Amino acid sequence: MSVYHRLAELGITLPPVATPAAAYVPFVQTGKLVFLSGHIAKKDGKPWVGQLGRDTSTAEGQAAARAIAIDLMGTLHAACAAAGTDLDGVARIVKVMSLVNSTGDFTEQHLVTNGCSELLGQVFGAKGAHARSAFGVAQIPLGACVEIELIAELA
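Here is a short report on the structure shown in this document. (Residues numbered from 1 in each chain as written. Predicted model: local features only at pLDDT ≥ 70, side-chain atom pairs only at ≥ 80, totals over all residues. Heavy atoms only, no water.)

**Overview of unusual backbone geometry**
Test applied: Strands here mean DSSP runs of E at least two residues long; helices mean DSSP runs of H or I at least four residues long; both are numbered from the N terminus. For each residue, the accessible area found with a 1.4 Å probe, counting protein chains only, is set against the maximum for its type, and the residue is called buried under 20%, exposed over 50%, and partly exposed in between.
Its identity as a non-glycine residue notwithstanding, Asp-44 has a phi of 55 degrees, on the positive side. Structurally, Asp-44 can be placed in the loop between β3 (42-43) and β4 (46-47). Phi at Leu-142 takes a positive value of approximately 65 degrees, unusual for a residue other than glycine. On the basis of relative accessibility, which here comes to 61%, the residue Leu-142 falls in the exposed class.

So, in structure tokens, the structure goes:
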């Protein structure tokens, strides 16, 4: 089944690539690998602000990570187009790195990041299984609750 068919079944419309907020580009391709810059969580078009363990629950963090996965797929779609393919040309989601804005005693960063990982698995199937890191950090730009970057391999 096509990645785009799965997205449609899930009711997901991919957003356009966001304009970088600083001195970086949204993605870089080297060989068959595409590196996506970190994407912060957004809610209603604005940074999804909060700190896990203080004012944001694990479930809210998972929803934020899922929202980031959708933004990441929008950027990956653009990267694929620049390479002359589309999301069906993704050979594998290689790695996800998640930064979770959390208190020092919050220990569920891995569960927050599942919001992204699980959606990638639903959309890409076996190609969506990836290596992953999830870190707790003291702060993220603009006060966002989660930031995630991704590495993918093109066929």
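**What to know about the layout of surface pockets**
Short version of the rule: Residues are called lining when one of their atoms sits within 4 Å of a cavity or pocket point, these points coming from a 1 Å grid over the protein atoms alone, where a cavity is a set in which a 1.4 Å probe fits but cannot get out and a pocket is an open set with protein on both sides within 12 Å along at least five of seven lines. Grid points are joined across faces, edges and corners, and a volume is the space filled by probe spheres set on the points. By the convention adopted, Pro, Cys, Tyr, Trp, Phe, Met, Ile, Leu, Val and Ala count as nonpolar, Lys, Arg, Asp and Glu as charged, and the other residues, Gly among them, as polar.
Here the largest pocket defines a volume of roughly 540 Å³. At four residues, helix α2 (residues 58-82) tops the list of elements feeding residues into the lining of the largest pocket. Considering only residue class, the lining of the largest pocket consists of 14 nonpolar, five polar and three charged.

**Some remarks on the sheet that holds strand β6 (residues 131-137)**
Here is the rule we go by: Whether two strands pair depends on DSSP finding at least two bridges between them. Think of each axis as a best-fit line through the C-alpha atoms, taken over the contacting stretch in the case of a helix, with angles from 0 to 180 degrees between the N-to-C directions.
Taken in spatial order, the five strands line up as β1-β2-β7-β5-β6 in an open sheet, and their pairing is mixed. At either margin of the open sheet sits one strand with a lone partner, and together these are β1 (27-30) and β6. With strand direction ignored, the average angle separating the axes of adjacent strands in the sheet is 15 degrees. Two elements, strand β2 (residues 33-40) and strand β7 (residues 146-154), share six bridges in a ladder whose sense is antiparallel. Counterpart to Ile-40 in the pairing with β7 is Glu-147.

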